[in-house]
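Working through the structure, step by step
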Amino acid sequence: MKADIVTIFPDFFRGPLDYGITRRAAEMGLVKIEVHDLREFTHDRHRTVDDRPFGGGEGMVLKPEPLFECLESMQLPSREVRTGDHAAGCAKQSVILLSAQGQRFTQKVAAELAALERLVLICGRYEGVDERVAEFLADRELSIGDYVLSGGELAAAVVIEAVTRLLPGAVGNAASTRQESFTAQEEREAAAAEDEGPDSTCASGGLLDYPHYTRPAEFRGMPVPEVLINGNHQEIRRWRREQALRKTLRNRPDLLEGVEVSDADRKILARIKLAKSSDRE
């Protein structure tokens, strides 16, 4: 995969991309990341990339000219070609504008992007970006959460990390990426289909991950749950599924609306809710 990042702060990425899975994936040739300095595509002595918005308002807005010229220098097909009738003949790629107004970035979106051959991430700044960039240059807008940052650089680092770890070969045990929080139901089924022999793990299926424990078995009077050390894989899997449901109901109940739950899951949730109701009384 090729990933291009367009920013006015190229030095920012010397830290976040130089560690962990992202660095290893780059060294293995799984991903090539190139950072482009937007100011190199300006033509005035002040290297101006922003201006005041038409109609008035606070703050400054990134100008369209440097952004269009930057992407044209990458020899990218136009948005019409990338998304139109001839899209199938183009390399699988996406130009993404990172902004607070974008679609929420999720694990599902990360999986979609990991299947592409090229990503171009445009880091917004100031009050935003000239709307013509969103309309005619980017084919999607993404936001990493319902809050406002000063720019898209942190968001770009998040997207790169989340996507890179899903590339085949980036993570030593590929099955582990299908057993994490927010993993889609179909990924859970794929992981289950590849299981060989006894297995006590369970993919999230869109829930939060189950709790994890390691040695020592007892630490400062806090023991590991007995079920995890009894060797019964079926009991461990059942316990982990219940704990994942408990944690999701407690921390992110909104996720349950989009998760396919079994009859056994519904019984567990009903029991948890009944217990919570009794505690309140």
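Residues numbered from 1 in each chain as written. Predicted model: local features only at pLDDT ≥ 70, side-chain atom pairs only at ≥ 80, totals over all residues. Heavy atoms only, no water.

1. Points about the pairing of strand E1 (residues 2-7)
Our working rule: Relative accessibility decides the category of a residue: with a 1.4 Å probe and only protein chains considered, values under 20% of the type maximum give buried, values over 50% give exposed, and everything between is partly exposed. Working definition: helices are DSSP H or I runs of at least four residues, strands are E runs of at least two. Numbering for both runs from the N terminus. Being paired, for any two strands, means DSSP has found at least two bridges between them.
Most of E1 sits out of view: six of its six residues are buried. Direction of pairing for E1 relative to strand E6 (residues 118-123): parallel, over a ladder of five bridges. Of the residues in E6, the one forming a bridge with Lys2 is Arg118.

2. As for the sheet that holds strand E5 (residues 93-104)
As a reminder of what qualifies: To define axes, lines are fitted to C-alpha atoms, for helices over the stretch in contact only, and angles between the resulting N-to-C directions are given on a 0 to 180 degree scale.
With parallel pairing, the five strands of this open sheet are ordered in space as E2-E1-E6-E5-E7. Each edge of the open sheet carries a strand with a single partner, namely strand E2 (32-37) and strand E7 (140-143). The mean inter-strand angle of the sheet, taken between neighbouring strand axes irrespective of direction, is 30°. In the sheet, E1 pairs with E2 via six bridges, with the strands oriented parallel. What sits directly across from Val6, in E2, is His36.

3. Considering the packing of helix H8 (residues 233-251) against helix H9 (residues 263-280)
A pair of packed helices is captured by two measures, namely the crossing angle of their axes and the spacing between those axes. Definition in use: Angles below 35 degrees are treated as roughly parallel, those above 145 as roughly antiparallel, those between 65 and 115 as roughly perpendicular, and all remaining angles as oblique. Two helices crossing with the near one rotated counterclockwise from the far one by less than a right angle form a left-handed crossing, whereas a clockwise rotation gives a right-handed crossing. Residues count as neighbours in contact if any of their non-hydrogen atoms are within 4.5 Å of one another. As a working rule, the residues Ala, Val, Leu, Ile, Met, Phe, Trp, Tyr, Cys and Pro are called nonpolar, Asp, Glu, Lys and Arg charged, and the rest polar, with Gly in that last group.
Where H8 contacts H9, the two axes come as close as 10 Å, and the packing angle between them is 55°. With respect to their mutual orientation, H8 and H9 come out oblique. Of the two possible hands of crossing, H8 and H9 adopt the one that is right-handed. On the side of H8, the interface is formed by Arg241, Glu242, Leu245, Arg246 and Leu249, while H9 contributes Asp265, Ile268, Leu269, Arg271, Ile272 and Lys273. Looking at the contact of H8 with H9 residue by residue, the classes come out as five nonpolar, no polar and six charged.

4. Digging into the UniProt feature "binding site: S-adenosyl-L-methionine" (unreviewed entry) in the chain
Test applied: UniProt positions are given in the numbering used here, feature names are shortened, and annotations may be inferred rather than shown by experiment.
Within this structure's numbering, the places UniProt gives as "binding site: S-adenosyl-L-methionine" (unreviewed entry) are Gly124, Ile144, Gly145, Asp146, Tyr147, Val148 and Leu149. Note that Gly145 resides in the loop between E7 and helix H6 (153-164). By relative accessible area, Gly145 is classed as buried at 9%. Residue placement: Val148 occurs in the loop between E7 and H6. Relative accessible area serves as the criterion here: at 71%, Val148 is assigned to the exposed category.

5. Considering the packing of helix H1 (residues 20-27) against H6
Contact geometry for H1 and H6: axes closest at 9 Å, N-to-C directions at 65°. In this structure, the crossing between H1 and H6 has a hand that is left-handed. Along its contact with H1, which presents Ile21, Thr22 and Ala25, the element H6 presents Ile160, Glu161 and Thr164. Class assignment for the residues of the contact of H1 with H6 results in three nonpolar, two polar and one charged.

6. Regarding the side chain of Lys2
Of note, Lys2 is situated in strand E1. Classification of Lys2 as buried rests on a relative accessible area of 18%. Excluding its chain neighbours within four sequence positions, the residues that come into contact with Lys2 are Lys32, Glu34, Glu117, Arg118 and Leu119.

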